[in-house]
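# Reading the structure
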Amino acid sequence: MVLLHVLFEHAVGYALLALKEVEEISLLLPQVEECVLNLGKFHNIVRLVAFCPFSSSQVALENANAVSEGVVHEDLRLLLETHLPTKKKKVLLGVGDPKIGAAIQEELGYNCQTGGVIAEILRGVRLHFHNLVKGLTDLSACKAQLGLGHSYSRAKVKFNVNRVDNMIIQSISLLDQLDKDINTFSMRVREWYGYHFPELVKIINDNATYCRLAQFIGNRRELNEEKLEKLEELTMDAAKAKAILDASRSSMGMDISAIDLINIESFSSRVVSLSEYRQSLHTYLRSKMSQVAPSLSALIGEAVGARLIAHAGSLTNLAKYPASTVQILGAEKALFRALKTRGNTPKYGLIFHSTFIGRAAAKNKGRISRYLANKCSIASRIDCFSEVPTSVFGEKLREQVEERLSFYETGEIPRKNLDVMKEAMVQAEEAAAEITRKLEKQEKKRLKKEKKRLAAIALASSENSSSTPEECEETSERPKKKKKQKPQEAPQENGMEDPSVSSKPKKKKSFSKGELVSSDLEETAGSGSLPKRKKSFPKEEPDSDPEESGNKRVPKKKRKFSSKEEPLSSGPEEAAASKSSSSKKKKKLRKLSQEN
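Residues numbered from 1 in each chain as written. Predicted model: local features only at pLDDT ≥ 70, side-chain atom pairs only at ≥ 80, totals over all residues. Heavy atoms only, no water.

### Structural notes on the side chain of Gln400
Turning to its location among the elements, Gln400 is positioned in helix H23 (residues 392-410). Setting aside its immediate chain neighbours within four residues, Gln400 contacts Tyr371, Lys375, Lys416, Asn417, Val420 and Met421. (Helix = DSSP H or I, 4+ residues; strand = E, 2+ residues; numbered from the N terminus. Contact = heavy atoms within 4.5 Å.)

Given below as structure tokens:
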């Protein structure tokens, strides 16, 4: 008797289930459908043999990718080899996906079955899976399915911002719409301003230039020789500017009011701004095409390539199309009309706008369009599936089309496709290596900038944290500094004296010496006065700050010269000491006068 097992893949792990009464189940399909919905009846049919949970979401994603690609993962191999019977001929394994069934049968040798009763059993297992596995709830199973679905979708999409063809589709659609609107509005400006200056229409053909001139000229009667230089700048032609000036003098147009001119000028400015935006949009489209489809744009041009991508829906869809479909892409109406009326089918569609078909002779237009469609199909596939976008292949394919065009005209034999592709491969490898080098340099620069930015942020945060106590100290020290600066005309903190201050006691010293020479009594009086001065210094030292006292220990000898140095120190007590020294000086002078 053959044992029927069912393999069920879930987001939380693999489950291997065994079925009872295989022969009855295979015969009674309607009864199986009924018992699938009833949990009690379903438990009588199916029992869980083994359950292999996934250790992490990454392992679950790897197993999901393997199952979708039809590859037997190591976890699945281990489960089947461990829990299935050793006699493989007596085992029948039911699986939901024929791809994974074929892979299991090829690698492990188990007979696999899909469809029929297996699909009904798997539907029941999917419905009652949280009841079959112990410890698994319906909520946790749903969360696991949701998480695996998101991660699987992200891995399959492989989203790249720089290679999004949706922007190309929207840009080319907007570009076509802008062309229609600009043409319509320009015709309205021509008709409106033509009542006043009808000769300008025949001189200027470009719509944007006409709108700029209408905005600049305004009333034609005000146009004179002074505005000729500006006209030459706008028209880019001195002859046309001179013709506009001559036509304005002999124009047959009607007069126009100021309010009408204001409206015409405002409308012309809108048309000019639209045309400028159209130019910027075209530049943007070229840059996007060089990023997304460089080979296709190098072969057939940015505008035609973008229209092909937009008509196909995406670059991937265009890459899937055969060359015969690319050839008539955009001419579907003509194709179905020809099939309906049994007429000639169209030779080209959107690729007719390329320059190659216009340059070919009438008899060779169909041949060159077929050849060009073939090269466009190759270029779109290269752009879609290459990792590093490069325009090397597009340039080589363009050279091939040029050679084929010259072959049709002159009979010169073109190069073989194999030789051209070998050259292209060599150049593409060099270009890819250069691009990778540039990307690495940019990444290094970005990392350096990021490191510098982080270091600056860390430094700023450390400065902010350290500045708070320093600010408190500065605020406490500020009043002390102000007090010291007021009386301090000469720096004394380092123990040095100002030469201007020290010169004064020298003069008084010389004056006292002259008096001492005149009489011996003056020497005794001078010697008696000196110790008094010495006694005044130690009185002042304890009143001063401890820092100043430390600095004043060195220049004690210099302070013996006179008492005029005392007012240089700061503090109210030192000022009182200076007053006492001045009174002593007066007493000394009185004694000297009496002795004389």
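### Some words on the pattern of salt bridges
Oppositely charged side chains may form a pair once their charged atoms are brought near each other. Scanning all chains against the criterion turns up 20 salt bridges. Linking Glu225 and Lys242 is a salt bridge whose minimum nitrogen-to-oxygen distance equals 4.0 Å. Of this pair, Glu225 sits in the loop between helix H12 (207-217) and helix H13 (228-235) while Lys242 sits in helix H14 (residues 238-249), placing them 17 residues apart in sequence. The exposure class assigned to Glu225 is partly exposed, which follows from its relative accessible area of 42%. Linking Arg286 and Glu302 is a salt bridge whose minimum nitrogen-to-oxygen distance equals 4.0 Å. Separated by 16 residues along the polypeptide, Arg286 in helix H15 (residues 258-292) and Glu302 in helix H17 (residues 302-312) bring together distant segments of the chain. (Salt bridge = Lys/Arg side-chain N within 4 Å of Asp/Glu carboxyl O. Buried < 20%, exposed > 50% of the residue type's maximum accessible area, 1.4 Å probe, protein only.)

### Here we look at the UniProt feature "coiled-coil region" (unreviewed entry) in the protein
UniProt tags residues 418-457 as "coiled-coil region" (unreviewed entry). The span residues 418-457 carries 100% helix and 0% strand; its end-to-end C-alpha distance comes to 58 Å. (UniProt positions renumbered as here; feature names shortened; annotations may be inferred.)

### Overview of the packing of helix H10 (residues 166-194) against H15
With their axes 9 Å apart at the nearest point, H10 and H15 run at an angle of 155 degrees to one another. Overall, the two elements H10 and H15 adopt an arrangement that is roughly antiparallel. Taken as a pair, H10 and H15 cross one another with a handedness that is left-handed. For the contact of H10 with H15, the residue count by class is 22 nonpolar, 6 polar and 4 charged. (Axes fitted to C-alpha atoms, helices over the stretch in contact; angles between N-to-C directions. Parallel < 35°, antiparallel > 145°, perpendicular 65-115°, else oblique. Left-handed = near helix turned anticlockwise from the far one by under 90°. Nonpolar A, V, L, I, M, F, W, Y, C, P; charged D, E, K, R; others polar.)

### Re the sheet that holds strand E2 (residues 13-19)
Read across the sheet, 5 strands follow the order E3-E2-E1-E4-E5 without closing on themselves; strand pairing throughout is mixed. On the outer flanks of this sheet lie strand E3 (46-53) and strand E5 (111-113), each paired with one strand and no other. Averaged over all adjacent pairs, the angle separating strand axes in this sheet is 25 degrees, with direction ignored. (Pairing = 2+ DSSP bridges.)

### A word on the packing of aromatic side chains
Evaluation of the coordinates by the stated rule reveals 8 aromatic pairs. Plain terms: the ring middles of Phe185 and Phe267 are 5.8 Å apart, the flat faces sit at 70 degrees to each other, and that makes the pair edge-to-face. Separated by 82 residues along the polypeptide, Phe185 in helix H10 and Phe267 in helix H15 bring together distant segments of the chain. Summarising the aromatic geometry, the rings of Tyr193 and Phe197 are spaced 6.4 Å apart at their centres and angled 65 degrees between planes, so their arrangement reads as edge-to-face. Owing to a relative accessible area of 0%, Tyr193 belongs among the buried residues under this scheme. Among the aromatic side chains, those forming a connected cluster through ring pairs are Phe8, Phe51 and Phe129. Its guanidinium or amino end placed over the ring of Tyr210, Arg190 lies 4.7 Å from that ring's centre, counting from NZ or CZ. Looking at Lys227, its charged tip hangs above the ring of Phe216, at a distance of 5.9 Å from the centre. (Phe/Tyr/Trp six-rings, centres within 6.5 Å; stacked < 30°, edge-to-face > 60°. Lys NZ or Arg CZ within 6 Å of the ring centre and 35° of its normal.)

### Considerations on the nonpolar core
Core analysis: the largest hydrophobic core is formed by 39 residues, its most contacted members being Leu296, Leu299, Ile300, Ile309, Leu318 and Leu372. When residues of this core are traced back to their parent elements, those giving at least two are H10, H15, helix H16 (294-300), H17, helix H18 (315-320), helix H21 (355-359), helix H22 (365-385) and H23. The element best represented in this core is H22, accounting for 7 residues. Residue contacts for Ile309: discarding those within four places in its chain leaves Asp165, Ile169, Met289, Ala293, Leu296, Ser314, Leu315 and Leu318. Ranked by size, the runner-up nonpolar core spans 24 residues in total, among them Leu16, Val59, Val72 and Leu79. (Core = buried A, V, L, I, M, F, W, Y, C linked by side-chain atoms within 4.5 Å.)

### What about the packing of H10 against H17?
Helices that pack against each other are described as a pair by the angle of their axes relative to one another and the distance between those axes. Where H10 meets H17, the closest approach of the two axes is 9 Å, and the angle between their N-to-C directions is 115 degrees. The angle between H10 and H17 falls in the class roughly perpendicular. As for the relative orientation of H10 and H17, their crossing is left-handed in sense. Contacts between H10 and H17 involve Ile168, Ile169, Ile172 and Asp176 from the first element and Ala303, Ala306, Arg307, Ile309 and Ala310 from the second. Across the contact of H10 with H17, the residue classes tally to 7 nonpolar, no polar and 2 charged.

### Notes on unusual backbone geometry
Unlike most non-glycine residues, Met236 shows phi in positive territory, near 60 degrees. By relative accessible area, Met236 is classed as exposed at 71%. The phi dihedral of Arg342 is positive, around 60 degrees, even though this residue is not glycine. By the element assignment, Arg342 lies in the loop between helix H20 (332-341) and H21. Exposure remark for Arg342: the relative accessible area of 79% places this residue in the exposed category.

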